[in-house]
Amino acid sequence: AGDKQKSTWRKLPDVPYRGSSACVMDGVLLAIGGWDDAYKATSAIFAFHLADQKWQHVEDMPFECTFVDTLVLSEKTLLLVDGGSRKVTRITVEG
């Protein structure tokens, strides 16, 4: 048996909402949708900044979503597949 490399595990701040979908877009970790502490679906998108270890609210979508799968199609385009409502939405990030 050869030398085994050990991984380093470190706890980071919790995602703002339960049931959020996560993806990396343009080098930024995003948390999309989910539900709040009262189990109300949210439309929030948060970005995690590794440098300061904080989540920042980026924007709200025009709809709430939970149980969402997120696919990064390109540097500025996401595809959301909402398992709760069965909606498929394409999002293009401006700017």
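The present account deals with the structure reproduced in this document. Keep in mind the model is a prediction, meaning the values are calculated, not measured. (Residues numbered from 1 in each chain as written. Predicted model: local features only at pLDDT ≥ 70, side-chain atom pairs only at ≥ 80, totals over all residues. Heavy atoms only, no water.)

1. Side note on the overall build of the protein chain
Next up, step 1: Broken down by element type, the protein chain carries zero helices and seven strands.
Next up, step 2: The linear arrangement of helices and strands in the protein chain, starting from the amino end, is β-β-β-β-β-β-β.
Next up, step 3: Across its three principal directions, the C-alpha atoms of the protein chain cover 50 × 35 × 30 Å.
Next up, step 4: Residues counted as buried form 29% of the 95 residues belonging to the protein chain.
Next up, step 5: In the protein chain, once contacts between residues fewer than 6 apart in sequence are set aside, the share between residues at least 24 apart is 29%.
Next up, step 6: Only carbon and sulfur atoms are counted for the fraction: they give 52% of the accessible area of the protein chain, which is about 7,000 Å².
Next up, step 7: Positive and negative side-chain charges of the protein chain, numbering 11 and 13 respectively, have mean locations separated by a distance of 6 Å. (Helix = DSSP H or I, 4+ residues; strand = E, 2+ residues; numbered from the N terminus. Buried < 20%, exposed > 50% of the residue type's maximum accessible area, 1.4 Å probe, protein only. Contact = heavy atoms within 4.5 Å. Areas by Shrake-Rupley, 256 points an atom, 1.4 Å probe, with all protein chains shown as cover. Lys, Arg positive; Asp, Glu negative; His and termini not counted. Charge placed at Lys NZ, Arg CZ, Asp CG, Glu CD.)

2. Observations regarding the side chain of Asp82
Next up, step 1: Topologically, Asp82 is positioned in strand E6 (residues 77-82).
Next up, step 2: Despite its burial, Asp82 pairs with no opposite charge, the nearest such side chain being Lys87 at 6.8 Å. (Salt bridge = Lys/Arg side-chain N within 4 Å of Asp/Glu carboxyl O.)

3. Details of the sheet that holds strand E1 (residues 21-25)
Next up, step 1: One open sheet accounts for four strands, arranged E1-E2-E3-E4; its pairing is antiparallel. The sheet is open, and its two borders are formed by E1 and strand E4 (54-65), each paired with just one other strand. Adjacent strand axes in the sheet meet at a mean angle of 25 degrees, parallel and antiparallel pairs treated alike.
Next up, step 2: Relative to strand E3 (residues 42-49), strand E2 (residues 28-32) runs antiparallel, the two being bridged by four bridges. (Pairing = 2+ DSSP bridges. Axes fitted to C-alpha atoms, helices over the stretch in contact; angles between N-to-C directions.)

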